[in-house]
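Breakdown of the fold
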Amino acid sequence: MAWSVTLGHCHKSRSPHKRRRPMRFYTEQHQFYCGIDLHARRMYVCILDREGRVLHHRDHTANREELLKVLKPYRADVAICVECTFSWYWMADVCAEEKIPFVLGHALYMRAIHGGKAQDDRIDSEKIARLLMGKLIPMAYAYPAGMREVRGLLRRRMHLMRHRAELLGHVQSTRLQYNLDPLGKNIGKKCHRRDMAEHFPEGDIRKLAEVDLAVIEDLDVVIKDLEGHIERHAQQQDPMSLAILRTIPGVGDILALVMLYETHDINRFETAQRFCSYARLVKCQMRSAGKLYGTNGAKIGNAYLKWAFSEAALLFLRSTELAKKYKERLERKHGKGGSLAIIAHRLGIAVYNMLKRRQVFDVYRFLGISKPTVATKPQAPSDVSSNDVARSA
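From a predicted model like this one, the values you see are computed outputs, not experimental measurements.

It is worth spelling out the overall build of the protein chain at this point. Each helix and strand in the protein chain was counted, giving 13 helices and 8 strands. A total of 393 residues make up the protein chain; the buried ones form 38% of that total. Taking the intrachain contacts of the protein chain between residues at least 6 apart in sequence as the baseline, contacts between residues at least 24 apart amount to 60%.

Along the chain, Ser-125 falls in helix α4 (residues 121-133). Residue Ser-125 is classed as buried on the basis of its relative accessible area of 0%. Here the side chain of Ser-125 touches Arg-122 through a polar contact of 2.9 Å, landing on its backbone oxygen. Ignoring any residue separated from it by four or fewer positions in sequence, one finds Ser-125 in contact with Gly-35, Asp-37, Tyr-44, Cys-46 and His-57.

A separate point is the nonpolar core. Formed by 93 residues in total, the largest nonpolar core has its most connected members in Ile-36, Ile-80, Met-91 and Tyr-261. A total of 12 residues in this core trace back to one element, the largest contributor, which is helix α11 (residues 321-357). Setting aside residues up to four positions removed in sequence, Ile-80 forms contacts with Cys-34, Ile-36, Leu-67, Leu-71, Met-91, Cys-95, Ile-100, Pro-101, Phe-102, Val-103 and Leu-132.

Attention now goes to the packing of aromatic side chains. Considering all chains together, one arrives at 11 aromatic pairs under this definition. Between Trp-88 and Phe-102, the ring centres sit 6.4 Å apart and the planes meet at 20°, which makes this aromatic pair stacked. Taken together, the residues span a long stretch of sequence, with Trp-88 in the loop between β5 (78-83) and α2 (89-98) and Phe-102 in strand β6 (residues 102-105) at a distance of 14 residues. Per residue, the accessibility class of Trp-88 equals that of Phe-102, and both read buried. Where Phe-361 meets Phe-366, the ring centres are 5.4 Å apart and the plane angle is 45°; that geometry is what we call tilted. The residues Phe-361 and Phe-366 share a single accessibility class, namely buried. Clustering of aromatic rings is evident, with ring pairs tying together Phe-269, Phe-275, Tyr-278, Phe-309 and Tyr-352. The cationic tip of Arg-148 hangs over the ring face of Tyr-89; the distance from NZ or CZ to the ring centre is 4.4 Å. Arg-151 extends its terminal NZ or CZ atom over the ring of Tyr-143, reaching a point 4.3 Å from the ring centre.

What follows deals with the packing of helix α6 (residues 204-237) against helix α8 (residues 253-263). Pairs of packed helices are described in terms of their axes, by the angle between the two and the distance that separates them. Their axes nearest at 11 Å, the elements α6 and α8 cross at an angle of 55°. Comparing their axes, α8 and α6 come out oblique. For the crossing formed where α6 meets α8, the hand is left-handed. In this structure, α6 uses Glu-227, Ile-230, Glu-231, His-233, Ala-234 and Gln-237 to contact α8, whose residues at the interface are Ile-254, Leu-257, Leu-260 and Tyr-261. Partitioning the contact of α6 with α8 into residue classes produces 6 nonpolar, 2 polar and 2 charged.

Tracing the sequence through the fold places Arg-346 in helix α11. Along the backbone, Arg-346 and Leu-367 are 21 residues apart, and their C-alpha atoms lie at a distance of 9.3 Å.

Right, let's get into the sheet that holds β6. Sheet architecture is open: 5 strands sit in the order β4-β3-β2-β5-β6, paired in mixed fashion. Two strands in the sheet have a free side with no partner beyond their single neighbour: β4 (54-61) and β6. Between one strand axis and the next, the sheet turns by 20° as a mean value, whatever way the strands run. As paired elements, strand β3 (residues 42-49) and β4 share 7 bridges and run antiparallel to each other. Looking at the pairing, Val-45 lines up with Arg-58 of β4. Sitting on the sheet, helix α1 (residues 64-71) touches β2 (32-38), β3, β4 and β5, and the angle it makes with β3 is about 15°.

This part is about the layout of surface pockets. What the second largest pocket holds in volume is close to 200 Å³. Looking at the lining of the second largest pocket, the elements that each hand over two or more residues are α5 (147-177), α8 and α10 (303-319). The element contributing the most residues to the lining of the second largest pocket is α5, with 4 residues. Residue composition of the lining of the second largest pocket, by class: 6 nonpolar, 2 polar and 3 charged.

Reading the values: the criteria
- Residues numbered from 1 in each chain as written.
- Predicted model: local features only at pLDDT ≥ 70, side-chain atom pairs only at ≥ 80, totals over all residues.
- Heavy atoms only, no water.
- Helix = DSSP H or I, 4+ residues; strand = E, 2+ residues; numbered from the N terminus.
- Buried < 20%, exposed > 50% of the residue type's maximum accessible area, 1.4 Å probe, protein only.
- Contact = heavy atoms within 4.5 Å.
- Polar contact = N/O pair within 3.5 Å; in protein donor to acceptor, adjacent residues only side chain to side chain.
- Core = buried A, V, L, I, M, F, W, Y, C linked by side-chain atoms within 4.5 Å.
- Phe/Tyr/Trp six-rings, centres within 6.5 Å; stacked < 30°, edge-to-face > 60°.
- Lys NZ or Arg CZ within 6 Å of the ring centre and 35° of its normal.
- Axes fitted to C-alpha atoms, helices over the stretch in contact; angles between N-to-C directions.
- Parallel < 35°, antiparallel > 145°, perpendicular 65-115°, else oblique.
- Left-handed = near helix turned anticlockwise from the far one by under 90°.
- Nonpolar A, V, L, I, M, F, W, Y, C, P; charged D, E, K, R; others polar.
- Pairing = 2+ DSSP bridges.
- 1 Å grid on protein atoms, 1.4 Å probe; cavity = no way out; pocket = protein on both sides within 12 Å on 5 of 7 lines; lining within 4 Å.
- Points joined across faces, edges and corners; volume = space filled by probe spheres on them.

Here is the structure:
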């Protein structure tokens, strides 16, 4: 039985014959095809010619010099393909500098590798090369250098913030464990953490709180410096898109930065639904023989964009009265969770169109309501009439 995967929409979907293919495949032709099973320190290289003959099939050390040495006899017209694992950054940068076509294979969709009965580096590298030659490599996005490093800093900042929140929660849980009086303040603010350790009894319990508070103080310094560094790079790399994203009510500095750097180039998405699918804002339906068998693929896509749009939906509702009324109407029909999912989906569509058309956010257009007209006030009569002006001239 063949499964057909379609994107779930909030509006009427297009007819089946007009739907585009759900995956992108690399279809360029070359004289040589190079498949590499890449690891942190080793890489198994397989090179084929256009007839499918194996020209090179060996294990090598994973570094720039070794890669260029292996590719030297085939540099005239060769394409390289690796699976999307954690160690592909350096190889993509080398290929970009040397003007070598680089293809990043989607790790989840490369079924021919993961579904084989026998697996090792030698077999996997040849499978990658033959998939590349047969135009069957499902492509992932090879995020280029420059903004990629700043994206890594932004993701690290999110990790530090989660660790900071865990420490704040541990301070509160320690107080509850020993049935102490409430702290009475928001300990997330630095001014409220002064002399906070004295709230705990002397001894090991107080030392436990002092350790958590000391780490929180150090994290605040690191996070503040990191946020300033990321903001300066964003203002240099794409200030227009950043300013456009910050026009959405409730979207502040960090959410706008996450949307900017996790999206990178909005033109790589053909439609708004492709972008929403990448951001995990839609559900994929499994259909066969006219029957619906449920949904799938909820974890396929960018988890950081999913978090950003989920947070943006909540903050948008908090800061916009018109949006609260819109949510109440949706909640009566779809429930609380469904209404929030729809608003996050609509925000994804809005962000796509805003970045594509370089337009700021329009809350009335987003909610589908007419913008109220402002009544013009009648002008006060002037002390000097037009006849007096004419006579004075």
